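# A look at the structure
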Amino acid sequence: MTRGLPAGRIGPTEGAVDLPPDDTGEAIGLSASGLTITFGFGPALFRDARGRDRFGIADRQPEALRTLPHFPADVLDPERSYGDLCVQACADDPQVAVHAIRNLARIGFGTVAVRWSQLGFGRTSTTSTSQSTPRNLFGFKDGTANVKAEETSDVAQHVWVADGDDAKAAWLAGGSYLVARRFNMNIEIWDRQSLGDQEDFIGRTKASGAPLSGGTEFTEPDFSMPGSDGPVIPRDAHVRVVHPDFNDGVRMLRRGYNFVDGSDPLGGLNAGLFFIAFMRNPDTQFIPVQNRMAKVDALMEYVKVTGSALFAVPPGIGAGEYVGQALFA
Amino acid sequence: MRKPALVALLLATPLLAACTENVKAADDSGDSRTVSVTSTDDGCELSSAQAPSGTLTFDVTNDGSKVTEFYLLGEDGQRIVGEVENIGPQLSRQLVVSAPEGDYVAACKPGMEGDGIRADFTVTGSDQEPSVSAGDQQQVDQALESYEDYVQDQSDQLVAKTRQFVELYTNGEDDAARALYPEARVHWERIETVAESFGDLDPKTDAREADLEPGQKWTGWHRIEKDLWPPATGYTPLSTKQRAFYADDLLGNIETLDGRVQKLTYTVDQIANGSRGLLEEVASGKVTGEEEIWSHTDLWDFQANVDGARVGYEGLEPIVEHKDPELAQTLEERFAALQKLLDAQKTDDGFVSYDRLSHAEVRQLANAVNALAEPLSELTAVVVS
């Protein structure tokens, strides 16, 4: 499918009239649209809720691959959280991404079952210097300071699990951890905040994305620059709270998406940011930053986390190999 | 047989970059009521030293290296007609201000120190002359005073009823404690935005179980609420000793709050923001039934938040009436419409239990909250303009 070919051997319309097609057909005539598919393994693939070895691989469970702890403001829906495996399909055309997921789920019936799925749109973070920074549903540029593919030493330091990181899970070297968090935004209440307050919550201007300490979008924030009442970038501004300077230099490769799942029962938009981030070690990266954010970030007034999951993403595969071969071999 | 693995499917579809960028509209140079201001470390340049009376817009750009501020001051160079703060280097912000004919002083304050760099500014008479009311300051003073009185009075009642409540609770008079619980909380909810401004007291007093962070001890109203309306299974009631601990703790924190509240003074924008904030409390917690998940007394809190918002607004009403009569009328109507829905849920001893409301009724309440909260979000800007 990543080459624009059908999901099955025969094709959506090429087979016998008395059989269901082995490709569902909605991608007929569409290109591969940059489709990528990423697989991950959840903690429950290794051990069940009672800690028993499920598939004889418990001794290879990575140290950091545990159910994420409860964070303040987590209102998790178990039906939108956790999972043994994850499949992420990304494409420039939503129809192509949905086609991939639908056909993979169909092939898997009997071996796997779908626990939850989330459709996102409009990437909220740049992951390359060649992209302009997109906006999240708060209307702000998001991911200005993200780790970029071109920053190879940062990618090596913060994103990829290295040889020797985890003696039990040598198979994960060259892979990464994927944290998925469904941040529901309190859209209607956010929209009633004044422009100045919104900018103070984020710590950047809404128009250009420049830090409130001045300059343009990519100017480094000056957290010590004084303002009329404390620093000009407030102490609880999002950009300050999650900045590497205040988090032991920690960075993550964020690859989040906006989502809108219709309306909630009271007519509010059921929408927000589907946060996805890749990192070398959630214990030292995501978990401490999320705890700090939940405690002091001004944005927490306007979000509620309804879904959460952690997966270990094995390294990419070469010709003739299968996903996670080093784990199962 | 192996249990099928449960799969999480994540779909994500980046959108292609937008084809064209929006180009910001060029300055409307024909608009004589828009003045560009360029603030540098040692200068304050205005595109014009005068403008016709009416609603003026100052587009302030900081070309200096320090954070700057811009002020429009009265003729005496002291009275602040309008101000915009915290403009970082290379950033712009707007000041929109309603200015009648007269002499003014414009000032940039790079580095936010001293008197700033000043220049005379003249507003000439025009057909859009804003009406001036000599009563303005008097209206403001009155609003501030009555709000102060209101908060102090609510705080006094809160202390008295909390004292009564914890006494009943520690004595094991649970029925009476349950009856008093929502009545005591009304006084907290009416001034909730003030109470919450004390970041150390709020989590100890009003935290819900779901808000706790790991290691945080759960104390306050909702801890006792759960003990008085315990879940059917899996709950161990608090011992007499534990009850005494939580009761003393709550009363102590409420008394500390009261001590601080008595010393507070307010500004009109704080009152207006408080009014808006109380409606946000309704929208995010009360209308969803998340505040009182054990007692289901959410409608008491709901009414109390609305009471507090209305009192705050009513103090400011003469100012709003004068500056934006249309907004005043809308707010009046929408407060009334919301109150009518709440009145329909009143019973002899208070309100219908939240879990008895039908979905349609909750929906109606939510719609009425939105209808009021939206125009209420303009209140602050109007009263300080």
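Conventions we followed
Residues numbered from 1 in each chain as written. Chains lettered and ligands numbered in written order. Predicted model: local features only at pLDDT ≥ 70, side-chain atom pairs only at ≥ 80, totals over all residues. Heavy atoms only, no water. Disulfide = S-S within 2.5 Å. Helix = DSSP H or I, 4+ residues; strand = E, 2+ residues; numbered from the N terminus. Buried < 20%, exposed > 50% of the residue type's maximum accessible area, 1.4 Å probe, protein only. Salt bridge = Lys/Arg side-chain N within 4 Å of Asp/Glu carboxyl O. 1 Å grid on protein atoms, 1.4 Å probe; cavity = no way out; pocket = protein on both sides within 12 Å on 5 of 7 lines; lining within 4 Å. Points joined across faces, edges and corners; volume = space filled by probe spheres on them. Nonpolar A, V, L, I, M, F, W, Y, C, P; charged D, E, K, R; others polar. Pairing = 2+ DSSP bridges. Phe/Tyr/Trp six-rings, centres within 6.5 Å; stacked < 30°, edge-to-face > 60°. Lys NZ or Arg CZ within 6 Å of the ring centre and 35° of its normal. Core = buried A, V, L, I, M, F, W, Y, C linked by side-chain atoms within 4.5 Å. Contact = heavy atoms within 4.5 Å. Domains from an automatic or database assignment. Buried area = accessible area lost by both parts, 1.4 Å probe. Polar contact = N/O pair within 3.5 Å; in protein donor to acceptor, adjacent residues only side chain to side chain.

## Describing the state of the cysteines
By definition, a disulfide links the sulfur atoms of two cysteine residues through a covalent bond. Counted according to the given criterion, the structure contains 1 disulfide over all chains. In this model C44(B) forms its disulfide with C108(B); the gap between the sulfur atoms is 2.0 Å. Taking the sign of the S-S torsion, 60° for the link of C44(B) and C108(B), the bridge is right-handed. Of this pair, C44(B) sits in strand β3 (residues 44-46) while C108(B) sits in strand β9 (residues 102-108), placing them 64 residues apart in sequence. Accessibility expressed as a relative area gives 0% for C108(B), which makes it buried. C86(A) carries a free sulfur, and the closest cysteine sulfur to it, the one in C90(A), is 10 Å from it.

## Some points on the pattern of salt bridges
Applying the stated criterion across every chain, the model contains 36 salt bridges over all chains. Its salt-bridge partner being D48(A), residue R52(A) comes within 3.1 Å of it at the nearest N-O pair. The partner of D175(B) in a salt bridge is R178(B), and the shortest N-O contact between them spans 2.9 Å. Of this pair, D175(B) and R178(B) both sit in helix α2 (residues 174-190), 3 residues apart, roughly one helical turn. Relative accessible area serves as the criterion here: at 60%, D175(B) is assigned to the exposed category. Through salt bridges that share partners, R185(B), E189(B), E192(B), D206(B), R208(B), K286(B), E291(B), E292(B) and D301(B) make up one connected network.

## Concerning the layout of surface pockets
Residue and element names in this part refer to chain A. Of the volumes computed, that of the second largest pocket is approximately 900 Å³. Forming the walls of the second largest pocket are 31 residues, and the residues nearest its centre are T36, I37, T38, F39 and Q88. Elements with a minimum of two residues in the lining of the second largest pocket: β1 (36-41) and β2 (85-90). If one sorts the elements of the lining of the second largest pocket by residue count, β1 sits on top with 4 residues. Grouping the constituent residues of the lining of the second largest pocket by class yields 19 nonpolar, 9 polar and 3 charged.

## Points about the pairing of strand β2 (residues 34-39) of chain B
All names here are of chain B. A one-sided burial pattern is seen for β2, the buried positions being V35, V37 and S39 and the unburied ones T34, S36 and T38. As defined by bridge partners, β2 adjoins β3 across 3 bridges and the pair is classed as antiparallel. Bridge pairing in β3 places V37 opposite L46. Taken together, β2 and the strand that follows it, β3, pair antiparallel across an intervening segment of 4 residues.

## Concerning the packing of aromatic side chains
The full count for this structure, using the stated rule, is 25 aromatic pairs over all chains. Centre to centre, the rings of F46(A) and W171(A) are 6.1 Å apart; their planes meet at 20°, and the pair counts as stacked. On the criterion of sequence distance, the pair formed by F46(A) in the loop between β1 and β2 and W171(A) in the loop between α2 (152-158) and β4 (176-185) is long-range, its members being 125 residues apart. Comparing F46(A) with W171(A) shows no difference in burial state: the two are buried. Ring plane angle 90° and centroid distance 5.8 Å describe the contact between F71(A) and F286(A), whose orientation is recorded as edge-to-face. Placement of F71(A) in the loop between β1 and β2 and of F286(A) in helix α6 (residues 286-296) is noted, with a sequence separation of 215 residues between them. The residues F71(A) and F286(A) share a single accessibility class, namely buried. Directly above the aromatic system of Y246(B) lies the positively charged group of R223(B), at a separation of 5.5 Å from the ring centroid.

## Digging into the nonpolar core
In globular proteins that are soluble, nonpolar side chains generally tend to be buried together. All names here are of chain B. F165, F302 and L316 are the most contacted members of the largest nonpolar core, which totals 123 residues. Among the elements that take part in this core, helix α1 (residues 136-170) stands out by supplying 12 residues, more than any other. In contact with L316, other than residues within four places in its own chain, are A143, V268, I271, A272, L379 and V383. Core analysis: the second largest hydrophobic core is formed by 22 residues, F58, V60, L91 and C108 among them.

## A short note on the domain arrangement of chain B
As assigned here, chain B comprises domain 1 (34-124) and domain 2 (136-384). On a C-alpha basis, the centres of domain 1 of chain B and domain 2 of chain B stand 40 Å from each other.

## A look at the interface of chain A and chain B
Counting residues at the interface gives 67 residues for chain A, matched by 47 residues for chain B. Buried surface at the junction of chain A and chain B, summed over both partners, amounts to about 4,700 Å²; 58% is from carbon and sulfur atoms. It is R192(A), S228(A) and L266(A) that lose the most area in chain A upon contact with chain B, and together they represent 17% of the buried surface on that side. Between R192(A) and E374(B) there is a salt bridge, with its nearest N and O atoms 2.9 Å apart. In this assembly, chain A and chain B are joined by 11 residue pairs in polar contact (both at pLDDT 80 or more). Breaking the side of chain A that touches chain B down by element, the ones donating at least two residues are β2, α1 (94-108), β3 (112-123), α3 (187-190), α4 (195-202), β5 (226-227) and β10 (303-313) of chain A. With 12 residues, the single largest contributor to the side of chain A that touches chain B is β3(A). Among the residues forming the side of chain A that touches chain B, the class breakdown is 35 nonpolar, 19 polar and 13 charged.

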